[in-house]
Amino acid sequence: MAAGGARPSLSEQAWLETAQTFIRETLCPVGEEPNVQLQEMVIDCVKTTWLSRGQDQGFTLPLSYSFVSVRDLRTHQRLPCCSHLSWSSSSYQAWAQEAGPDGDPLPRERLLLLGTLTDLSGALDQEGRDGILCVKDNTGLLGCELLDLDLSWLGHLFLFPSWCYLPPAKWNSSREGHLELWAAPVPVFPLTISPGPATPVPVLYPEIASRLLRHRNKVRDVRRNLAGKLVRLSALVNSPTKTYFVLFLGGSSPGVSPVPILVQVPAQLVWHRVLRPGQSYVLTELRVSKIHGHHHCVWTTSPSSHVALLKPECVRELELELEPEGPLLEAGDKPPPVPSDSRDTNERQGLVQDSKLLSYVGTVTGVLNEPAGLYELDGQLALCLAYQPFHGFRRVVRPGVSLELSDVHLLQSVGGGTKRPVLATCLGSAVLVRGFSRQNPKIQLARQAHGASLYMQLLWERQLGLPLYLWVTRALEELACKLCPHVLRHRQFLQHSSPGNPNLGLQLLAPTLDALALPCPCSPMRNAHKEILEEPHQCPLQKYTRLRAPCAFPTLASLEKEGQAKAWDSFDPKALLPLTEASHLLSCQLNHRLAWSWLCLLPSAFQPTPVLVGVLVPSSHKGSLLLRDQSGSLSCLLLDKHSQPIADPQLIGCVVRAEKFQVIVERDVRSNFPSWRELSLSGFIQQQQARVYVQFFLADSLVVPVPRPVHRSSTSCRVPQTEPTGQDRPHQGQSRLFWLSHKEALMKRNFCIPPGASVVVPRPTLSFHVSGRWIGNTQRKEGTGWGPPEPKGDENQEQKVLLIFLGSSVRWFEFLHPGRVYRLVAPGPPIPALFQEGSSCGSQRPLELAGCTSCLTVRDEWTLEPGRSQDVPDVVDIKEALPESSISDILSDNLTDSLVSFPAEILSRTLCAPFPASLGRKPGSTGAARGCVKLTVALQMAARDCPLHLAIYIEEPHLPPPLGLLPGARVYFKQLEKRVSRSHNVYCRFRASTYVQVLSFPQETTISTPLPHIYLAELLQGRQAPFQATASCHIVSVFSLQLLWACAYCNRLCLQGKCTHQGPPCPSQTSVSQARVRLLVEDGTAEAVVTCRDHQVAQALGLQPPEWTALLEWVRGPGRVALHFTGPGAQLESSAGISDPLTHYLWTLCNSLSVLRPVKLSFELQRKPSKILPLEPPRLQRFHCGDSPLLTRVNPRLQLTCLSVQEPEPSGSLGTFASTP
């Protein structure tokens, strides 16, 4: 409307008509005639507020503003917004800049909001009785927050000139937005100011009121008025029966105890929004009452009570005559004894700290965990609001809001992953909003919106202290990041736990919380009255102990990364190869010894201690099991219990939690170290890779089924559900039981091309075969079970079958084991003779070799189930024991049956050069050889007291070896190929039919077992003799000695330190020393020829390290010295003349008593005791005793390889050499 009383323009007329329509539909009482006065008063109120800004620009009406109802806000306003009627654009810009450099200010909308301000005190539902404020019109009501409330405003119609609306978040289950009223509302009708009392109100001050609590019987039915300064205000407590809060009035004297006043009348709960600590108030019509089930007496309000600011001129003190002293409690009332904690020993008392009570005013600068009530204050402090109900208050607290905290606890150094000090509110604390946030709320992620009820359940039922509560919230966040939405949606993962629907997060945390001996859910709840009223103050925040995080739930990717980092940090070539051994190795030998190593990391190696959590899934690309979370996957090796592999495919998709596990890091290093002298230089390492996996026992783990299928990525395997859900139609399918007798190795194989197929040459496919026999015939699905088997054609025919697993069906590899019964399930409509294919191999020759009558390729969509004992007929002979070859079969010279099976413990694993092409690869192959893995295993046979050592070689296409083949592990090998070396030693090799099953993992602590101490004659017992042992014997003579320096690169002789290679010079001019000596030893029972090498030669010659080093440097000049002692008297044959000083010295040394002496010899047999090379019979030998010749039978000399030579223990007992009296 133009100034000067001009007629309204068309735009103003349209605006006025819209305003009148809005007022009539939204603000006028329903069912009554339009109120013209109301319309005029509303328009005048809007006009006055609009003109108050002083920049109307010639318009008396806010034509750019439109009216909005509560319903319009709730249904149409999807984004947060603010509206400031009395603000200019420059004022809004200045206001928006205060949102901060990182904050996005609330966008401005030009909306006019009117409504009645109410607290819904007359509502009958629980939500309406907790003091909530609402803006109400004919279209609905909307919750609101107001900074400074005047109780006289309730029930009146207002224009709200400055406000913001926050719609419900995407994940908000209540779907309710709310208003924040920035400025005082403008009344449409003038408010009536109530006159003060005609006469001063008689009041009691806290000094007298506190004494009256001691004389409850005298004032039982008397109502009094109390006046005083508000010194403390509790939180608004929602109990199962009622909602209430407690305020405390203090007096002028500091020695007077504050007087508690309980407010629980529904219409008075809104007082909690009005009261401000530090202000003085008058409360009327109060009475003394005793809290039910508690010994406290308090003042309580009545329905006729009122509250007002204290004005000294309007009150007078009431004079009462009371006894000087009186009992605080009624007769018979005794305070309950304070429970003592037996854990409060002298040792713990030094660790318990007291929190500090204080008041604080600050600004929320971040949200740490909104559902858990954790925020950041002023960028330095953490704020925890979880210990008091704050459900309605949660929507207001966000970055930018200013808070005033009264009687809040300060806890420092709480631990549990929290480094900053924490301010925490209990039920006796008050949290007041001093300023709303100017920032536009950020979009909430699902994990940031759910879980409030779960956190409250944990806090109240488990009675968690703050340090542990902070750790629990952090742990649940870690678990949610790991598993959501891969396993469950965030809403499901963080939902409230109930007996019939346990929460997955709580199930994963329960073992840790139970180990901390925390209260169980049946323990008594927190006592709110005691926490608020009792002096001295007691609450869960009063005392605390710094928490060392009990565990963590890292992502699998971070665990793998940290494991690799620890493995490479600890990789030290000098530590892997002792100097005494490395100094004699050629360059190729040195690099082969460093090519593979491993590290076992226990949970104690990480800080904090990790707990392994992931979803168990199989891999069709590797054939192994994987643990998967949101960060990725990690290979794993599982055993159900000792010596038992897992065989239940229904474990797929379950969440596994393991506290006891081993992180295995296999290090593959490609290096070109010239010699041992350069081991400290990392530049010679050309390439390094690591294979990381975990291994643990399923019996020591927690397995939790999930209620729905696991989401799979494009790279993961497809796992069909074996159990239909309630929404699925009745499952159709057919199945057949089979007993598995043998499983072959997982490797890449070629398959026959069917006639008419593509001419493109197919690549080898990862696959494996299993052989066994059918049990019964095909069964069809009937309800939740399986019907009877279909009739078979020939009852007496044994139905042996070869099953081929390739493609996606490779995922079943880790669940199939010999000796077990499985059910092969084909979903979908029944197909006749589905499991009775004659042959899928294209040729009958593989079937004949496997002894099977039919071959069947397992389809990708087929699944496996474990066979139940009740499904197997009694007439079927099921053998579950794994076959084992006897010691005679393993060591016999019969190579027609060259396949052997046995359990063994792996002693060592090394990388060696590959076998010749005729043995391992096709001639002319141009592919680079990946080497060969050698396993040295110990076979513990029943007929032997000592284990037999055997070498097993693994080469292409079985590389890399299966998981778990580590030193210290016990493994069952089936159908290894037995071979005999040129030195007549038995060894084994992997082949396509080899089956490997890990029986036990390496021990966490290695216990070295000493070698058995024997007589040499015991080695003549053949297969009963130990492979390695110790004997106390005497060095009789030296047969030969050789010392030389060889080129570390080409192994040719070095003269004066230079390689003698005739041709292009070697890349390395480094030389290494090599030594070899053959000794004759005896212990009175037998003789043996012992071969010692390198550093063992120094031990045999009795030389100290400086002497040995000097001798080798002496040999460097000629490059090589070789001595052979033959015939009686140890005649010398030398590569140099006898007059040579070096030769003369060695000859003298080898014939001296410093060499020919008693020693303690540790050795191993050069040949394994076997039937391949039978022992020589005893021979006749002539001896001379003085002049008398003696003829006796002498056993053949044993051939031994030295492990170590030690000096005998200097004790009184001479062992073998002791003489008898």
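Now for a description of the structure that goes with this document. (Residues numbered from 1 in each chain as written. Predicted model: local features only at pLDDT ≥ 70, side-chain atom pairs only at ≥ 80, totals over all residues. Heavy atoms only, no water.)

If you tally the helices and strands in the protein, you get 21 helices and 60 strands. Within the protein, counting contacts between residues at least 6 apart in sequence, those at least 24 apart form 73% of the total. Of the accessible surface of the protein, which amounts to about 59800 Å², a share of 52% is contributed by carbon and sulfur atoms. (Helix = DSSP H or I, 4+ residues; strand = E, 2+ residues; numbered from the N terminus. Contact = heavy atoms within 4.5 Å. Areas by Shrake-Rupley, 256 points an atom, 1.4 Å probe, with all protein chains shown as cover.)

Here we come to the nonpolar core. Burial of nonpolar side chains together is a common tendency in soluble globular proteins. Core analysis: the biggest nonpolar cluster contains 63 residues, and Y469 and W471 have the highest contact counts within it. Mapped by element, the contributors of at least two residues to this core are β13 (243–250), β22 (381–384), β24 (422–424), α7 (452–461), α8 (466–483), α10 (504–515), α11 (528–533) and β28 (612–618). For this core, the leading source of residues is α8, giving 11 residues. Ignoring anything within four residues of it in the chain, the contact list for Y469 reads A372, L374, C384, A386, Y387, Y455, L459 and L464. Residues C1033, A1100, V1121 and F1125 belong to the second largest nonpolar core, which totals 49 residues. (Core = buried A, V, L, I, M, F, W, Y, C linked by side-chain atoms within 4.5 Å. Buried < 20%, exposed > 50% of the residue type's maximum accessible area, 1.4 Å probe, protein only.)

It is worth spelling out α7 at this point. The complete set of buried residues in α7 reads L454, Y455, Q457, L458, L459 and W460. The elements touched by buried residues of α7 are β20 (356–369), α8, α9 (490–493) and α10. Once α7 ends, the next one or two residues include Q463, with phi positive near 50°.

On to the pairing of strand β34 (residues 685–697). Where strand β30 (residues 632–641) meets β34, five bridges bridge the pair, whose relative direction is parallel. What sits directly across from L639, in β34, is F697. Across 10 bridges, strand β33 (residues 662–671) lies against β34 in antiparallel orientation. When the sheet's bridge partners are listed, V663 is paired in β34 with V694. (Pairing = 2+ DSSP bridges.)

Let us look at the environment of P258. Within the element layout of this structure, P258 appears in the loop between β13 and β14 (259–263). Once the C-alpha coordinates of P258 and L230 are considered, the two residues, 28 residues apart in sequence, prove to be 8.9 Å apart. If we skip the residues at most four places from it in the chain, P258 touches V231, F248 and L249.

Glancing now at the packing of helix α1 (residues 10–26) against helix α2 (residues 36–51). Between α1 and α2, the shortest axis-to-axis distance is 10 Å and the interhelical angle comes to 125°. Between α1 and α2, the crossing angle belongs to the class labelled oblique. The two elements α1 and α2 cross, and the hand of that crossing is right-handed. Facing W15, L16, A19, Q20, I23 and R24 of α1, the residues of α2 in contact are L38, Q39, V42, I43 and V46. (Axes fitted to C-alpha atoms, helices over the stretch in contact; angles between N-to-C directions. Parallel < 35°, antiparallel > 145°, perpendicular 65-115°, else oblique. Left-handed = near helix turned anticlockwise from the far one by under 90°.)

Taken together, the 12 bridges between strand β50 (residues 1028–1047) and strand β53 (residues 1071–1082) define a ladder with antiparallel strand orientation. Residue pairing in the sheet places I1035 in a bridge with V1081 of β53. Taken together, the seven bridges between β53 and strand β54 (residues 1087–1093) define a ladder with antiparallel strand orientation. Each bridged residue has a counterpart across the sheet, and for V1081 the counterpart in β54 is A1088. In sequence, β53 turns back onto β54 through a hairpin of four residues, with G1084 there showing a positive phi of about 95°.

The description of two helices packed together rests on the angle between their axes and the distance between the axes. Where α7 meets α8, the axes come as close as 11 Å, and the angle between the chain directions of the two elements is 145°. The two elements α7 and α8 cross, and the hand of that crossing is right-handed. On α8, the residues touching L454, Y455, L458 and L459 of α7 are Y469, V472, T473, L476 and E477.

The subject of this paragraph is the environment of R670. The topology assignment puts R670 in strand β33. On the basis of relative accessible area, R670 is assigned to the exposed category, the value being 55%. Along the primary structure R670 and L594 are separated by 76 residues, whereas in three dimensions their C-alpha atoms are 8.1 Å apart. Ignoring sequence-local partners within four residues, the contact set of R670 consists of I685, Q686 and Q687.

Turning our eyes to something else, we now look at empty space enclosed by the protein. Here the structure, examined in full by the defined rule, presents one cavity of 30 Å³ or more. By volume, the largest cavity is sized at about 30 Å³. When contributions to the lining of the largest cavity are tallied by element, the ones reaching two or more residues are β50, β53 and β57 (1158–1165). Across the lining of the largest cavity, the residue classes break down as eight nonpolar, no polar and no charged. (1 Å grid on protein atoms, 1.4 Å probe; cavity = no way out; pocket = protein on both sides within 12 Å on 5 of 7 lines; lining within 4 Å. Points joined across faces, edges and corners; volume = space filled by probe spheres on them. Nonpolar A, V, L, I, M, F, W, Y, C, P; charged D, E, K, R; others polar.)

Before going further, it helps to examine the packing of aromatic side chains. In total, this model carries 25 aromatic pairs according to the counting rule given. A ring pair is formed by W774 and F835, whose centres lie 6.1 Å apart and whose planes are at 50°; its orientation type is tilted. One end of the pair, W774, is in strand β38 (residues 765–782); the other, F835, is in the loop between β41 (821–827) and α16 (845–850), with 61 residues separating them in the sequence. What makes F835 buried here is its relative accessible area of 2%. For K781, the ring lying beneath its charged end belongs to W786, and the centroid distance is 4.6 Å. For R1116, the ring lying beneath its charged end belongs to W1045, and the centroid distance is 3.8 Å. (Phe/Tyr/Trp six-rings, centres within 6.5 Å; stacked < 30°, edge-to-face > 60°. Lys NZ or Arg CZ within 6 Å of the ring centre and 35° of its normal.)

Residues C484 and P485 are joined by a peptide bond in cis, for which omega reads 0°. With respect to the helices and strands, P485 occurs in the loop between α8 and α9. In this structure, the amide linkage connecting E956 to the following residue, P957, adopts the cis form with an omega of 5°. Turning to its location among the elements, P957 is positioned in the loop between β46 (948–954) and β47 (970–980). Although it is not a glycine, A833 adopts a positive phi angle of roughly 55°. Along the chain, A833 turns up in the loop between β41 and α16. For N1051, which is not glycine, the phi torsion reads 70° and is therefore positive. Relative to the helices and strands, N1051 is located in the loop between β50 and β51 (1054–1055). The exposure class assigned to N1051 is partly exposed, which follows from its relative accessible area of 41%.

Applying the stated criterion across every chain, the model contains 22 salt bridges. A salt bridge links E98 to R438; the shortest N-O distance between them is 2.8 Å. Taken as a pair, E98 in the loop between α4 (89–97) and β3 (111–118) and R438 in the loop between β25 (430–435) and α7 lie far apart in primary sequence, 340 residues in all. Here E404 ties to R434 by a salt bridge, and the two come within 2.6 Å at their closest N and O atoms. Linking E404 in strand β23 (residues 402–411) with R434 in strand β25, this pair joins segments that are 30 residues apart in sequence. Judged by relative accessible area, which is 15%, E404 ranks as buried. (Salt bridge = Lys/Arg side-chain N within 4 Å of Asp/Glu carboxyl O.)

Honestly, it's all geometry; don't read function into it.
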